[in-house]
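Here is what each chain is made of, one letter per residue.
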Amino acid sequence: MGLAGLTHISTHGAPLSHTASMVTSQVSSVFTARALTKTYGEGDTAVHALRGVDLDIVRGEFVVLLGASGSGKSTLLNILGGLDTATSGSAQWTHDGAVHELIGADDAELTRYRREHVGFVFQFYNLIPSLTAEENVALVTDLATDPMDPGEALALVGLAERRHHFVSQLSGGEQQRVAIARAIAKRPAVLLCDEPTGALDCATGVMVLQAIERVNRELGTTTVVITHNAPIAEIADRVLRLADGRIVDSHVNEHKQPASALSW
Ligand SMILES: Nc1ncnc2c1ncn2[C@@H]1O[C@H](COP(=O)(O)OP(=O)(O)O)[C@@H](O)[C@H]1O
Ligand SMILES: [Mg+2]
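Residues numbered from 1 in each chain as written. Chains lettered and ligands numbered in written order. Predicted model: local features only at pLDDT ≥ 70, side-chain atom pairs only at ≥ 80, totals over all residues.

## Description of the site of ligand 1
Here is step 1 of the chain: All residues in the neighbourhood of ligand 1 are listed as Tyr40, Gly41, Val47, Ala49, Gly67, Ser69, Gly70, Ser71, Gly72, Lys73, Ser74 and Thr75.
Here is step 2 of the chain: Counting only elements with at least two residues in the shell around ligand 1, the list comes to β2 (47–58) and α2 (73–80).
Here is step 3 of the chain: With 3 residues, α2 is the largest single contributor of residues to the shell around ligand 1.
Here is step 4 of the chain: Classifying every residue of the shell around ligand 1 by side-chain character gives 3 nonpolar, 8 polar and 1 charged. (Near = placed C-beta within 6 Å. Helix = DSSP H or I, 4+ residues; strand = E, 2+ residues; numbered from the N terminus. Nonpolar A, V, L, I, M, F, W, Y, C, P; charged D, E, K, R; others polar.)

Encoded structure:
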């Protein structure tokens, strides 16, 4: 999506002033976080995974979170996805005009949020090897309110022909694409991917990124992809760079690249 016109939106460092919140709501902010911190442990052994993160992600945006190992990327994504909670600060998720607090929500609310609205893709695919690709996707669509047909989800990731193959017969890249089909088949509002190509070679990784790119473009799903691999940032609308628990840079890709142009 062409979001170059949105550069005026503050992504870090700015307080949530009246003006900022008005601008944000005009462009349909999906996620808003302010002064988010996360500390694991206490005292001498405390680890400050997030040290005050402010961010806004707008509807339909494709964001890459880039940063070295240990910079806080997974912690941030897990908080946005309702898998973890923050130590302090605020994070809101907006859907159909309603603002939902993620920090302070109870377990039942977070579970419902994840189940209905969030698609997750992780480095390791967590598929059931003794089921076919289609059966793995159907495990999710059977529970969803308005799901896609599993075959449609598999077609979106380029696996229409493989739908009846057992997972154990598929390559790593194909398995990851099944995992993406599974994540998007319930038509989630957001797709959160943590190092989706971390276990894959470049050629295979590109196909996985093409599948994610297509979901973002064709379904308009707000998408966040974590990577420590800088070339992958080229495919984003916007790149947020994390270092030591802070967002240290945010820039819009004026010349966003298709995944097919990448190599690493
Ligand atoms: N459950 C945990 N307990 C203690 N420390 C953790 C835990 N999860 C993450 N950390 C620490 O928080 C920091 C940020 O981790 P993480 O968000 O996983 O970084 P990244 O995804 O960028 O590699 C690291 O120092 C990591 O060791
Ligand atoms: Mg991580």
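Structure shown, so let's carry the discussion forward.
## Notes on the nonpolar core
Here is step 1 of the chain: Core analysis: the largest hydrophobic core is formed by 65 residues, its most contacted members being Val64, Leu65, Val178, Ile180, Ala181, Ile184 and Val224.
Here is step 2 of the chain: Dropping the residues within four chain positions of it, isoleucine 184 is found in contact with Gly119, Ala153, Leu156, Leu191, Val215, Leu219 and Thr221. (Core = buried A, V, L, I, M, F, W, Y, C linked by C-beta atoms within 7 Å. Buried ≥ 20, exposed ≤ 12 C-beta atoms within 10 Å, placed from the backbone. Contact = placed C-beta atoms within 7 Å.)

## Some points on the pairing of strand β8 (residues 222–227)
Here is step 1 of the chain: Among the 6 residues of β8, 6 are classified as buried, and the element is accordingly described as predominantly covered.
Here is step 2 of the chain: The side-chain alternation of β8 yields two buried faces, one formed by Thr222, Val224 and Ile226 and the other by Thr223, Val225 and Thr227.
Here is step 3 of the chain: Pairing geometry for strand β3 (residues 62–66) and β8, over 5 bridges, is parallel. Paired with leucine 66 across the two strands is threonine 227, which belongs to β8.
Here is step 4 of the chain: Looking at chain direction, strand β7 (residues 190–194) and β8 are connected through 5 bridges and run parallel. Bridge assignment links leucine 192 to a residue of β8, and that residue is valine 224.
Here is step 5 of the chain: The β-α-β motif built from β7, the intervening helix α7 (residues 202–219) and the parallel element β8 has right-handed crossover chirality. (Pairing = 2+ DSSP bridges. Right-handed = clockwise from strand over helix to strand, strands pointing away.)

## Quick word on α2
Helical geometry: 3.6 residues make up each α-helical turn, so side chains three or four residues apart lie on a common side.
Here is step 1 of the chain: Extensive coverage of α2 is indicated by the burial of 6 of its 8 residues.
Here is step 2 of the chain: Among all positions of α2, only Lys73, Thr75, Leu76, Leu77, Ile79 and Leu80 are buried.
Here is step 3 of the chain: Two residues or fewer past α2, glycine 82 is found with a positive phi of approximately 75°.

## Examining the sheet that holds β8
Here is step 1 of the chain: Taken in spatial order, the 6 strands line up as β6-β7-β8-β3-β9-β10 in an open sheet, and their pairing is mixed. On the outer flanks of this sheet lie β6 (118–121) and β10 (246–252), each paired with one strand and no other. When the angles between neighbouring strand axes are averaged without regard to direction, this sheet yields 15°.
Here is step 2 of the chain: Running at roughly 155° to β8, α2 makes contact with β3, β7, β8 and β9 (238–243) of the sheet. (Axes fitted to C-alpha atoms, helices over the stretch in contact; angles between N-to-C directions.)

## What to know about the sheet that holds strand β5 (residues 98–101)
Backbone hydrogen bonds are what pair the strands of a sheet, in a parallel or an antiparallel way.
Here is step 1 of the chain: Ordered by their spatial adjacency, 4 strands build an open sheet running β2-β1-β4-β5, and the pairing between neighbours is antiparallel. Both outer strands of the open sheet, β2 and β5, are each paired with one neighbouring strand and no more. For this sheet, the mean inter-axis angle between neighbouring strands, taken without regard to orientation, is 20°.

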